[in-house]
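For reference, the chains in residue letters:
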Amino acid sequence: MKKILTVLLCSAIFVFTSCDDEPLEGDFVGGGETSCATAIANTAQAAINFSAVNVDTYTQLCIAYRNALEAQILACGDDDGSLQLAVNALGDCTDENQQATDIEGTWLLTAWLGENPIDLNNDGVESANFLDEMDCYTNETIVFSNDGTVIVMSTSYAEFDVSIEVGTTNSYDYIVNCIDEIENNDATWTQSGNTVSITDADGTSEWTLNGNQLSIVVPSGFFAISEDATITVTEDLTFVYTKQ
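All values reported here derive from a predicted model rather than from experimental measurement.

**Some words on the overall build of the chain**
(1) Moving on: A count of helices and strands for the chain gives 4 helices and 9 strands.
(2) Moving on: From first element to last, N terminus to C terminus, the chain shows the α and β order α-α-α-α-β-β-β-β-β-β-β-β-β.
(3) Moving on: Taking the contacts inside the chain whose residues are at least 6 apart along the sequence as the reference set, 62% of them involve residues at least 24 apart.
(4) Moving on: Carbon and sulfur atoms make up 47% of the accessible area of the chain, which amounts to about 12,000 Å² in all.

**Digging into the packing of aromatic side chains**
(1) Moving on: Evaluation of the coordinates by the stated rule reveals 10 aromatic pairs.
(2) Moving on: Between W207 and Y241 the ring centres are 5.7 Å apart and the planes differ by 70°, which places this aromatic pair in the edge-to-face class. Taken together, the residues span a long stretch of sequence, with W207 in strand 7 (residues 203-210) and Y241 in strand 9 (residues 232-243) at a distance of 34 residues. Y241 matches W207 in its accessibility class, with the two residues each being buried.
(3) Moving on: Grouped by ring-pair contacts, the aromatic residues W112, F130, Y137, F160, Y172, Y174, F222 and F239 constitute a single cluster.

**Points about the pairing of strand 3 (residues 141-144)**
(1) Moving on: Where burial is concerned, the two faces of strand 3 agree: the one with T141 and V143 and the one with I142 and F144 are both buried.
(2) Moving on: Sheet analysis places strand 1 (residues 105-118) next to strand 3, joined by 4 bridges and oriented antiparallel. Opposite W107, over in strand 3, you have I142 as the bridge partner.
(3) Moving on: Remark: 4 residues form the turn of the hairpin made by strand 3 and strand 4 (residues 149-164), two consecutive strands paired antiparallel; G148 in that turn has positive phi of roughly 85°.

**Description of unusual backbone geometry**
(1) Moving on: Backbone geometry places N122, a non-glycine residue, at a positive phi of 55°.
(2) Moving on: By the secondary structure assignment, N122 is in the loop between strand 1 and strand 2 (127-129).
(3) Moving on: A relative accessible area of 36% places N122 in the partly exposed class.

**Comments concerning the nonpolar core**
(1) Moving on: W112, M134, F144, L214 and F222 are the most contacted members of the largest nonpolar core, which has 33 residues in total.
(2) Moving on: Going through the elements one at a time, strand 1, strand 3, strand 4, strand 5 (172-192), strand 6 (195-200), strand 7, strand 8 (213-225) and strand 9 are the ones with two or more residues in this core.
(3) Moving on: Residues contacting F144, with those up to four places away along its chain left out, are I103, E104, G105, W107, T149, V150, W189, V196, I198 and L214.

**What to know about the pairing of strand 1**
(1) Moving on: The buried fraction of strand 1 amounts to 10 of the 14 residues, a majority that puts the element mostly inside the structure.
(2) Moving on: Bridging between strand 1 and strand 9 involves 6 bridges; their strand directions are antiparallel. Opposite W107, over in strand 9, you have K243 as the bridge partner.
(3) Moving on: Judged from the 2 bridges that link them, strand 1 and strand 2 form a sheet pairing that is antiparallel. Note on strand 2: the bridge partner recorded for L113 is N129.

**A word on the environment of L61**
(1) Moving on: Mapped onto the fold, L61 is located in helix 3 (residues 58-76).
(2) Moving on: Distance from L61 to I48, taken between C-alpha atoms, is 9.9 Å for residues 13 residues apart in sequence.

**Focus on helix 4 (residues 82-90)**
(1) Moving on: Those residues of helix 4 not exposed but buried are L83, A86, V87 and L90. Down the axis of helix 4, the buried side of the element spans an arc of 100°, and every buried residue falls inside it.
(2) Moving on: Positive backbone phi, at 60°, marks G91, one or two positions downstream of helix 4.

**Overview of the state of the cysteines**
(1) Moving on: Here the structure, examined in full by the defined rule, presents 2 disulfides.
(2) Moving on: What pairs with C36 in a disulfide is C76, and their sulfur atoms sit 2.1 Å apart. The sign of the S-S torsion, about 120°, decides the handedness of the disulfide formed by C36 and C76: right-handed. Here C36 is found in helix 2 (residues 33-51), whereas its partner C76 is found in helix 3, with 40 residues between them in sequence.
(3) Moving on: For C76, a relative accessible area of 30% translates into the label partly exposed.
(4) Moving on: Between the sulfur atoms of C136 and its disulfide mate C178 the distance is 1.6 Å.

Conventions used here
- Residues numbered from 1 in each chain as written.
- Predicted model: local features only at pLDDT ≥ 70, side-chain atom pairs only at ≥ 80, totals over all residues.
- Heavy atoms only, no water.
- Helix = DSSP H or I, 4+ residues; strand = E, 2+ residues; numbered from the N terminus.
- Contact = heavy atoms within 4.5 Å.
- Areas by Shrake-Rupley, 256 points an atom, 1.4 Å probe, with all protein chains shown as cover.
- Phe/Tyr/Trp six-rings, centres within 6.5 Å; stacked < 30°, edge-to-face > 60°.
- Buried < 20%, exposed > 50% of the residue type's maximum accessible area, 1.4 Å probe, protein only.
- Pairing = 2+ DSSP bridges.
- Core = buried A, V, L, I, M, F, W, Y, C linked by side-chain atoms within 4.5 Å.
- Arc of directions from axis to C-beta.
- Disulfide = S-S within 2.5 Å.

Distances and angles like these do not, on their own, reveal function.
Next comes the structure, spelled out in structure tokens:
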């Protein structure tokens, strides 16, 4: 599993819509704009589903993800070969690589996966991984020790302003303000199978361990508001950390 998800989750640009966890069906051949957009959206959802995989669902969600990647290649092409690289990394989707990574050590934040793609940097390209859209949160880590303690380290945070794009009624422009900070929070951790529990002063959060990926869904983890407070945009976020 090492580097499988980071190949696509942290480098590919997706358009997001809902889809099932089952292998995809239908006609994605032809490269038309609509079929390509649909294929990209399905790949985004399959990748999100696969990021929360466990031992029982590994093969099913891996196949769905691999099929989505192959459908996107047929519909959109793969000029830089990154999609085929991800397909190759998945292999035959057996669970031989689905061994739990030793939790002890340093984990780096590598993805913020939103519910919908957003163009935070206003370059005309949307991404479902919001970290691709800004220069904040570049060195956020969680360090697990073998004595059951953990340190959550933050080096920056972002504030998001939103406004209506000129000439539209439902498209937005964003301003991202990155603010440097050094903040270390002490906590404790326990593990039960693929579930890692982190407890700090605010309570206990349940994380999903998937190979070398550690993830959690944060409701309304993304929040942007206009200066006059008439516009708000919220998204549930899946935070993904990768073992270093």
